[in-house]
Amino acid sequence: MNVIISAKKMKVGDTFNDYADKKLSSKLDRFFGEGAEAKITMSSIRDMITIELTVKYDNLIFRAEQSAAEKTDALDACVDRIIRQIRKNKTKVEKRLHETAFNESYGEESEIDEQDYTVIRKKQFILTPMNVEEAILQMNMLGHSFFMFKNGDTGEINVVYKREAGNYSVLEPTKG
């Protein structure tokens, strides 16, 4: 697994780099093959360290974010969340994960929550070109947590959404 560590407004020591490599290798290598990429982004807000862990493998993306006083505790919690996501969606993703990912049991089987993804409604609407600020305004006026729109600047279909911290993010497609 390729591990990339970046930090915002803080320094990352070699000991944490080694710890992160060992932790991700020991816990996640059995789920993912060699082509997996893990990105750890660290930031410090007051006395808390926030770690965002994103694992990409074969068009699957798993993401977890955790804040803690110690960066190792935050990383451990993120890894546990990723494993829970994998276990929760086991039947849906096991064909795309590493062949030996589920050979041995991890945790209790009772924790797995099988879900059925049934589409109950389809909605069609006309996309009018607008900029990101207009899309955010429209989303807020509708009271939604996300809004799909045609970006007037790029001509692409984008999605704007409100994050838990109250900020906004834009999803833009790229060619894969």
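To keep things clear, this report deals only with the structure shown in the data block.

Despite not being glycine, lysine 9 shows a phi value in the positive range, around 60°. Residue placement: lysine 9 occurs in the loop between strand S1 (2-8) and helix H1 (14-28). Judged by relative accessible area, which is 85%, lysine 9 ranks as exposed. Of note in the backbone geometry, arginine 46 takes a positive phi value of approximately 55° without being a glycine.

Okay, the sheet that holds strand S5 (residues 129-130) next. Spatially, 4 strands are ordered S5-S6-S7-S8 in an open sheet, and the strand pairing comes out mixed. Two strands close off the open sheet at either side, each with one partner strand: S5 and strand S8 (168-171). Bridge analysis of strand S7 (residues 157-162) against S8 gives 4 bridges, and the strand direction is antiparallel. Looking at S8, one finds that valine 160 is bridged to valine 170. Along the sheet, helix H4 (residues 132-142) contacts S5, strand S6 (146-151), S7 and S8; its crossing angle with S6, the most-contacted strand, is approximately 150°.

Parameters and conventions
- Residues numbered from 1 in each chain as written.
- Predicted model: local features only at pLDDT ≥ 70, side-chain atom pairs only at ≥ 80, totals over all residues.
- Heavy atoms only, no water.
- Helix = DSSP H or I, 4+ residues; strand = E, 2+ residues; numbered from the N terminus.
- Buried < 20%, exposed > 50% of the residue type's maximum accessible area, 1.4 Å probe, protein only.
- Pairing = 2+ DSSP bridges.
- Contact = heavy atoms within 4.5 Å.
- Axes fitted to C-alpha atoms, helices over the stretch in contact; angles between N-to-C directions.

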